[in-house]
Amino acid sequence: MTTPRHFLTLLDLPPETLNRLILRAIELKQMVRDGVIYEPLKNRVLGMIFEKSSTRTRVSFEAGMAQFGGHAIFLSPRDTQLGRGEPIEDSARVLSRMVDAVMIRTYEHDKVEAFAAHSRVPVINALTDLYHPCQLLADMQTWYELRGPMAGKTVAWVGDGNNMCHSYINAARQFDFKLHIACPEGYDPLPDVMAAAGDRVALFRDPLAAVDDVDLVVTDVWASMGQEEEQTLRALAFADFQVTGAMMARAAPDALFMHCLPAHRGEEVSAEVLDGPQSVVWEEAENRLHAQKALLELLMGMAEWA
Ligand code: CP
Ligand code: NVA
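Let us look at the structure shown here. (Residues numbered from 1 in each chain as written. Chains lettered and ligands numbered in written order. Predicted model: local features only at pLDDT ≥ 70, side-chain atom pairs only at ≥ 80, totals over all residues. Heavy atoms only, no water.)

As a further point, take the overall build of the chain. Scanning the chain from terminus to terminus reveals twelve helices and nine strands. The C-alpha radius of gyration computed for the chain amounts to 19 Å, which stays within 12% of the reference 19 Å derived for 306 residues, consistent with globular compactness. Overall, the C-alpha framework of the chain stretches about 50 × 45 × 35 Å when taken along its three principal axes. The burial tally for the chain puts 56% of its 306 residues in the buried class. Of the contacts made within the chain by residues no fewer than 6 positions apart, 72% connect residues no fewer than 24 positions apart. In the form shown here, the chain has an accessible surface area of approximately 12,900 Å², with 52% of it arising from carbon and sulfur atoms. If you average the places of the 28 positive and of the 43 negative side-chain charges in the chain, the two averages end up 6 Å apart. (Helix = DSSP H or I, 4+ residues; strand = E, 2+ residues; numbered from the N terminus. Rg over C-alpha atoms; globule rule 2.2 N^0.38 Å. Buried < 20%, exposed > 50% of the residue type's maximum accessible area, 1.4 Å probe, protein only. Contact = heavy atoms within 4.5 Å. Areas by Shrake-Rupley, 256 points an atom, 1.4 Å probe, with all protein chains shown as cover. Lys, Arg positive; Asp, Glu negative; His and termini not counted. Charge placed at Lys NZ, Arg CZ, Asp CG, Glu CD.)

Inspection of the secondary structure assignment puts His180 in strand 6 (residues 178-182). With residues near it in sequence (within four places) discarded, His180 still touches Thr154, Val155, Ala156, Trp157, Ala202, Phe204, Ala210 and Val214.

Turning to the nonpolar core, a few remarks are in order. Ranked by internal contacts, the top residues of the largest apolar core, which has 60 residues, are Tyr168, Phe177 and Leu179. Once residues lying within four places of it in the same chain are set aside, the contact partners of Leu179 are Val155, Trp157, Tyr168, Ile169, Ala172, Arg200, Val201 and Ala202. Core analysis: the next-biggest nonpolar cluster, separate from the first, contains 24 residues, Tyr187, Ala210, Phe257 and Ala285 among them. (Core = buried A, V, L, I, M, F, W, Y, C linked by side-chain atoms within 4.5 Å.)

Another aspect to go through is the state of the cysteines. Per the counting criterion, the structure on display carries zero disulfides. Here Cys134 stays unpaired: no disulfide links it, and the sulfur of Cys260, its closest cysteine neighbor, is 12 Å away. The closest cysteine sulfur to the non-disulfide-bonded Cys183 is located on Cys165, 5.3 Å from its own sulfur. For Cys183, a relative accessible area of 0% corresponds to the buried category. (Disulfide = S-S within 2.5 Å.)

Our focus in this paragraph is the packing of helix 5 (residues 133-147) against helix 12 (residues 281-299). In a packed pair of helices, the relevant descriptors are the angle between the two axes and the axis-to-axis distance. Relative orientation of the contacting elements helix 5 and helix 12 amounts to 110°, with a least axis distance of 8 Å. On the basis of their axis angle, the class for helix 5 and helix 12 is roughly perpendicular. For the pair helix 5 and helix 12, the sense of crossing is right-handed. Contact residues: Cys134, Gln135, Leu137, Ala138, Asp139, Gln141, Thr142 and Glu145 in helix 5; Glu283, Glu284, Asn287, Arg288, His290, Ala291, Gln292 and Leu295 in helix 12. (Axes fitted to C-alpha atoms, helices over the stretch in contact; angles between N-to-C directions. Parallel < 35°, antiparallel > 145°, perpendicular 65-115°, else oblique. Left-handed = near helix turned anticlockwise from the far one by under 90°.)

Function cannot be read off these values alone, since they describe shape.
So this is what it looks like as structure tokens:
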């Protein structure tokens, strides 16, 4: 049995493959627009384990599998043995004998690693407390479509040093851009994740200084899934970190704004920015579908380009 290829963080694929995957996602998007039927995953099944809520991730993976001629099974802890304590390793052994790939959204990153270590089929991280690599594929595709290669650009991350921020740090390494991270004290990304990116990443306390002349401004919710009870405390800590029109005015004149969504207008981003001309969040959300189709094609060994 060959070892399956997993996608647990952006570091699992070399930069050349990531760049090819983005180009392939753009091709697949055009094929959908043109009404081309392309079913490389006919009779293949994706298992989708969701221990946290989702709109975009669930629908994009499920729709992507349907478009590819395959099928997706939604599995929640509420109605599977996963929620009743069956070990993750046993679930991996069993599920991976029945399906052709597994996508997992959970809390602890260790859990997707443990699942992958015991899986016969590719495992995709669909968000953990530490990383959200699928979102970065969509973000990088969106950038490429609108502005070309990401290499040499500067991105400002404004807000929490969370799973999305960690994936932006990995993206800075893989796609070769500079990342300014503006976080209030106490909400920094993990030091080892930052250190591994070296001087590609710089930490700021002043969000206005962080966005000065950057090409892309990105933010995310102040309280991630699992941190709901910290919402009030976090709203105070992050009060000066809302992405506003005044903040966008400090960025480069043609700067774009991205947010993985769901967004809270009036908290991490003003309505004026989220719904304004520099915001590309709807295209970014759509690209989850196309980028993940390119990923499924690759991991399931159907990518002629790889
Ligand atoms: N951006 C994202 O992952 O959205 P969902 O939580 O709706 O899947
Ligand atoms: N940081 C957010 C991202 C949601 C897509 C969370 O983990 O809840």
